[in-house]
Amino acid sequence: MKKIFLLFLFIPSSIFSQQNGLIADKAMVVSAREEASKIGVAIIKKGGNAFDAMIASQLALAVAYPYAGNISGGGFMVYRKANGDVGSLDFREKAPQKASENMYLDKSGNLIPKLSTDGALSVGIPGSVAAIFEVHKKFGKLPLATLFQPAIDLALKGIIVTEKEKVKLDQYRDIIVKISGNKTLYNKTFKVGDTIKYQALANTLKQILKNGKDEFYKGKTAKKLVAFLKQKGGIISMKDLADYKVVWRKPITFRYKQLNIISMAPPSSGGITLAQIMKMIEPYDVSTFKHNSTQYIQLLAEAERRAYADRNYFLGDPDFVKIPQKQLLNETYLKDRMQNFSFDKATTSADVSHGDVSVYESMETTHYSIVDTEGNAVAVTTTLNDAYGSKLYCDELGFFLNDQMDDFSAKPGVPNLYGLVGAEANSIAPRKRMLSSMTPTIVEKNGKLLMLLGSPGGSTIITSVLQTILNVYEFKMTMQEAVASPRFHNQWLPDDIMVEPNKFDKTTLQHLISKGYNINEKFAPVLGKVDAILVQPDGKLEGGADFRGDDKAAGF
């Protein structure tokens, strides 16, 4: 009996000490909805690559996840091909030609509440449809009809309302009806298990498939969209749509110890801010700190404070402002930024301005990660900005419009919807892209793909990605453990460390308070929803799907 008992003790210590996500041999998709993940995997099974799966998943999320999935928003894609080539696509929305720096201010120069977040005037020129066609043109293998049809079928079949989706629908129903009218599809109380069918969206997707990108940017769909927005007080014109173009950009790449990290360049602040934080903490032996201990939280929060101060001052659309990228990522500069940091007490944000160089955003973004059978990896973060975007639903076309204009500094020095304080670099200008926190990221180790990840969560995206990478690399967690682990966030202003409620040791939080930190457990009850894939030593893929949403991994 004694020998059997010892054997019993030995086995669980290796199996149950770690929580694994879905393991797949060949390919995987992790996204905000099971329907989209399964559709992406089905495309790969048909002989498609990760880029084909990206298109099919993006379209499926537009149907299954209208909270953030879209054909009427924008986003960023970072990719790594099987041969090691990397790149990124910027399909961020742009300001209309009639946009102006003071368009959300009253005669006294004060912000008009909700004008940049609710309704037609908050809508930026969408980029998602242009991205789909650009990705297919450059990398696609399967016919577009094969990639569009699953989303069309899904829209006609309908989406079953989950418990988490019902909470969102109930929370936003009144404001959606107020802005979109009482005849909108969303003017009813949905129950868990109900099916919502999207006939209008299916028709729109069919027209885009039939007539190509021009259908959305120059054709009948464009005309209907512009007429709808004009009727609702918007300023997007046919010329705005016709002139929209996506941009292939060189990603931000940097080293962190043994890792090579590839992330998004401006107008996303993700890559530069992530690089600054990781380079500031690199001199410290992070793995010797206990995970989520006082010292670990201090170190990350102080590096985040300094990086966000730089983000908010220097970053914007690189086509409009000169970004001092080399100086911001210079190791001497970053070392100097941390000189006044001490484990003894907090640095106040008032004492940390942007460096000398010669708030929270919400959950309403979505990320998906894809690895195909060839070894191509695609990380995509896409958004409508706020929950259901501008809350303006076009029933004729079947989708919500974004409220991306709020990501500009509507008034420099005044926080946006999410508490982020911007400067002139991110002020509104015609045809300019607004700054973003989206951080689709790919990580290599020893020249090979190690992981890919990203998250919604606005300003908390960057810190969610940061902590997930560190959880795997420094604390040897599985991908699922790394994604599920409690997270915290600091963004310079407000001067708080936001922590997920009731997830952190109370003694640790008291230690932080005694050192002068403000702890906020109420402001951000959820910090990101990371969807990630880890390549294991044997080459198998582990998915990390965030339990904070309906997120799901699929693979084979």
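The preceding data block contains the structure.
Attention in this report is confined to the structure presented alongside it. (Residues numbered from 1 in each chain as written. Predicted model: local features only at pLDDT ≥ 70, side-chain atom pairs only at ≥ 80, totals over all residues. Heavy atoms only, no water.)

Once that is clear, we can look at the overall build of the chain. What the chain contains, in helices and strands, is 17 helices and 21 strands. Relative to its length of 556 residues, the chain is compact, with a C-alpha radius of gyration of 23 Å against a globular reference of 24 Å. Overall, the chain is about 70 × 65 × 45 Å in size when its C-alpha atoms are taken along their principal axes. Taking all 556 residues of the chain together, the buried fraction comes to 63%. (Helix = DSSP H or I, 4+ residues; strand = E, 2+ residues; numbered from the N terminus. Rg over C-alpha atoms; globule rule 2.2 N^0.38 Å. Buried < 20%, exposed > 50% of the residue type's maximum accessible area, 1.4 Å probe, protein only.)

Approximately 100 Å³ is the volume found for the second largest cavity. Together, 15 residues line the second largest cavity, and Ala62, Pro66, Gly398, Phe399 and Phe400 are the ones closest to its centre. Within the residue set of the lining of the second largest cavity, elements represented by two or more residues are helix H3 (50–64) and strand S13 (399–400). (1 Å grid on protein atoms, 1.4 Å probe; cavity = no way out; pocket = protein on both sides within 12 Å on 5 of 7 lines; lining within 4 Å. Points joined across faces, edges and corners; volume = space filled by probe spheres on them.)

As a further point, take the packing of H3 against helix H5 (residues 144–157). Remark: H3 packs on H5, axes separated minimally by 8 Å, with the N-to-C direction vectors making an angle of 15 degrees. Classified by the angle their axes make, H3 and H5 are roughly parallel. The handedness of the crossing between H3 and H5 is right-handed. Here Asp52, Ile55, Ala56, Leu59, Ala60, Val63 and Ala64 of H3 lie close against H5, whose contacting residues are Leu147, Phe148, Ala151, Leu154 and Ala155. Across the contact of H3 with H5, the residue classes break down as 11 nonpolar, no polar and one charged. (Axes fitted to C-alpha atoms, helices over the stretch in contact; angles between N-to-C directions. Parallel < 35°, antiparallel > 145°, perpendicular 65-115°, else oblique. Left-handed = near helix turned anticlockwise from the far one by under 90°. Contact = heavy atoms within 4.5 Å. Nonpolar A, V, L, I, M, F, W, Y, C, P; charged D, E, K, R; others polar.)

Take the nonpolar core next. Core analysis: the largest hydrophobic core is formed by 86 residues, its most contacted members being Ile71 and Met77. No other element matches the 12 residues that H3 contributes to this core. Setting aside chain neighbours within four positions, we find methionine 77 in contact with Phe51, Met54, Gly87, Ser88, Leu89, Phe91, Val135, Trp248, Met264, Val378, Ala379 and Val380. Counting residues in each nonpolar core, the second largest holds 84 residues, with Phe254, Ala303, Leu452 and Ala553 among its members. (Core = buried A, V, L, I, M, F, W, Y, C linked by side-chain atoms within 4.5 Å.)

So, on to the packing of helix H2 (residues 34–45) against H3. Viewed as axis vectors pointing N to C, H2 and H3 meet at an angle of 155 degrees, and their least axial separation amounts to 8 Å. Taken together, the axis directions place H2 and H3 in an arrangement best described as roughly antiparallel. Seen along the crossing, H2 lies across H3 with a hand that is right-handed. Contact residues: H2 offers Glu35, Ala36, Ile39, Gly40, Ile43 and Ile44, while H3 offers Asp52, Ala53, Ala56, Ser57, Ala60, Leu61 and Ala64. Taken together, the residues of the contact of H2 with H3 sort by class into nine nonpolar, two polar and two charged.

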